[in-house]
Amino acid sequence: MGLNRKLILSSETGADSAADPFGDGSCRAFYKLDSNVDDYSGNNLNGSSGSNIVFYNNTTAPYDGYAYVPSVNANSIMTFPITPIPNETHTFWIKKPVLANNESVRLFTTGSDYNSWWYAALYNISGVLKIYMQWRQGSAQYKYATASVGISVNSTDWFFMTLRTNSSSHFFSVNGGNETQLTDNLASGTMDNSFYSVDNTDMFVGRLYSNGALYYGEDFNLDHYRLFNRALTNTEIDTLYQE
């Protein structure tokens, strides 16, 4: 079912052998999160972690270790020096707590000024776990949407997710299933991609940035985060889930 412990060894080039699962060099960042926030893709996009982040090794996580993200203040998040460029795909394993109504897990935020950011989170909305994604550049250019994830708000099991945003829509998948568009559009607009063309700002794990304010959510565990520089096929998504 994809939830298998694996010990993945590094290649002779310095990149991890799991950093190029499709043999095309499309994985441009790979954070194993076993004991640090180093990038194992060979691209040297090493991240950083607050003093309250805890790394666990030799566990029954999807792989041989993971990061615990308390998500309560600036010392309780991780920072990846990457900007998700349009149509890139995030893949990762996550284990969330039981979420009460309106509680949330703040997954990823890119952006540090008032009008520009990309954001993804999990929310309990009236007893349904939903993925919430937003993209904004400028006061007139934004789009955010939600969709049901299909995981119980009470579940504390590991599950595998992918996220992707292109010039007009947000997409996600769960546990190797087909990629699905977020269709519950809360606001719509034209998404100007010029701000997100290079790695010109960091991505924060466990924190929301919105309208000039910082927000934190519930704690969660994260494992094997990868960023691919393209959209993945449904078959490729299932391959990552099954590896």
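Residues numbered from 1 in each chain as written. Predicted model: local features only at pLDDT ≥ 70, side-chain atom pairs only at ≥ 80, totals over all residues. Heavy atoms only, no water.

A. Representation of the overall build of the chain within the structure. Across its full length, the chain carries one helix and 18 strands. Here the analysis covers contacts within the chain between residues at least 6 apart in sequence; of these, 66% occur between residues at least 24 apart. Carbon and sulfur atoms provide 44% of the accessible area of the chain, an area that totals close to 9,700 Å². (Helix = DSSP H or I, 4+ residues; strand = E, 2+ residues; numbered from the N terminus. Contact = heavy atoms within 4.5 Å. Areas by Shrake-Rupley, 256 points an atom, 1.4 Å probe, with all protein chains shown as cover.)

B. Layout of helix 1 (residues 234-242). Considered for burial, the residues of helix 1 that qualify are E236, I237, L240 and Y241. Take helix 1 and look down its axis: the buried residues cluster within an arc of 145°, on one side only. The secondary structure elements touched by the buried residues of helix 1 are strand 6 (89-95), strand 11 (159-165), strand 12 (170-174) and strand 18 (220-228). (Buried < 20%, exposed > 50% of the residue type's maximum accessible area, 1.4 Å probe, protein only. Arc of directions from axis to C-beta.)

C. Here's a closer look at the nonpolar core. With 41 residues, the main nonpolar core has M78, F80, F108, L122, I131, M161 and L163 as its most contacted residues. Not counting the four nearest positions on each side in its chain, M78 is found in contact with L33, V37, S48, S49, I53, F55, A67, V69, M203, F204, V205 and L222. A18, W93, F160 and F228 belong to the second-largest nonpolar core, a separate cluster that totals 16 residues. (Core = buried A, V, L, I, M, F, W, Y, C linked by side-chain atoms within 4.5 Å.)

D. Main features of the pattern of salt bridges. Here the structure, examined in full by the defined rule, presents six salt bridges. Measuring nitrogen to oxygen at the nearest pair gives 3.1 Å for the salt bridge that ties D16 to K32. Taken as a pair, D16 in the segment before strand 1 (27-31) and K32 in the loop between strand 1 and strand 2 (48-49) lie far apart in primary sequence, 16 residues in all. With relative accessibility at 9%, the residue K32 sits in the buried group. (Salt bridge = Lys/Arg side-chain N within 4 Å of Asp/Glu carboxyl O.)

E. Summary view of the packing of aromatic side chains. The tally for this structure, following the rule as stated, stands at 14 aromatic pairs. Residues F160 and Y241 carry aromatic rings whose centres are separated by 6.2 Å and whose planes lie at 35° to one another, so their mutual orientation is tilted. On the criterion of sequence distance, the pair formed by F160 in strand 11 and Y241 in helix 1 is long-range, its members being 81 residues apart. According to the relative accessible area criterion, F160 is buried, its value standing at 2%. Each member of the aromatic cluster is reached from another via a ring pair, and the members are Y31, F80, F92, F108 and Y225. The cationic tip of R164 hangs over the ring face of F171; the distance from NZ or CZ to the ring centre is 4.3 Å. One residue, R226, lies across the ring of F30, its end atom 4.8 Å from the ring centre. (Phe/Tyr/Trp six-rings, centres within 6.5 Å; stacked < 30°, edge-to-face > 60°. Lys NZ or Arg CZ within 6 Å of the ring centre and 35° of its normal.)

F. Up close: empty space enclosed by the protein. Counting across every chain of the model gives one cavity of 30 Å³ or more. Taken as a whole, the largest cavity holds about 30 Å³ of empty space. Lining the largest cavity we find P84, I85, E88, H90, W118, W135, R164 and T165. Residue composition of the lining of the largest cavity, by class: four nonpolar, two polar and two charged. (1 Å grid on protein atoms, 1.4 Å probe; cavity = no way out; pocket = protein on both sides within 12 Å on 5 of 7 lines; lining within 4 Å. Points joined across faces, edges and corners; volume = space filled by probe spheres on them. Nonpolar A, V, L, I, M, F, W, Y, C, P; charged D, E, K, R; others polar.)

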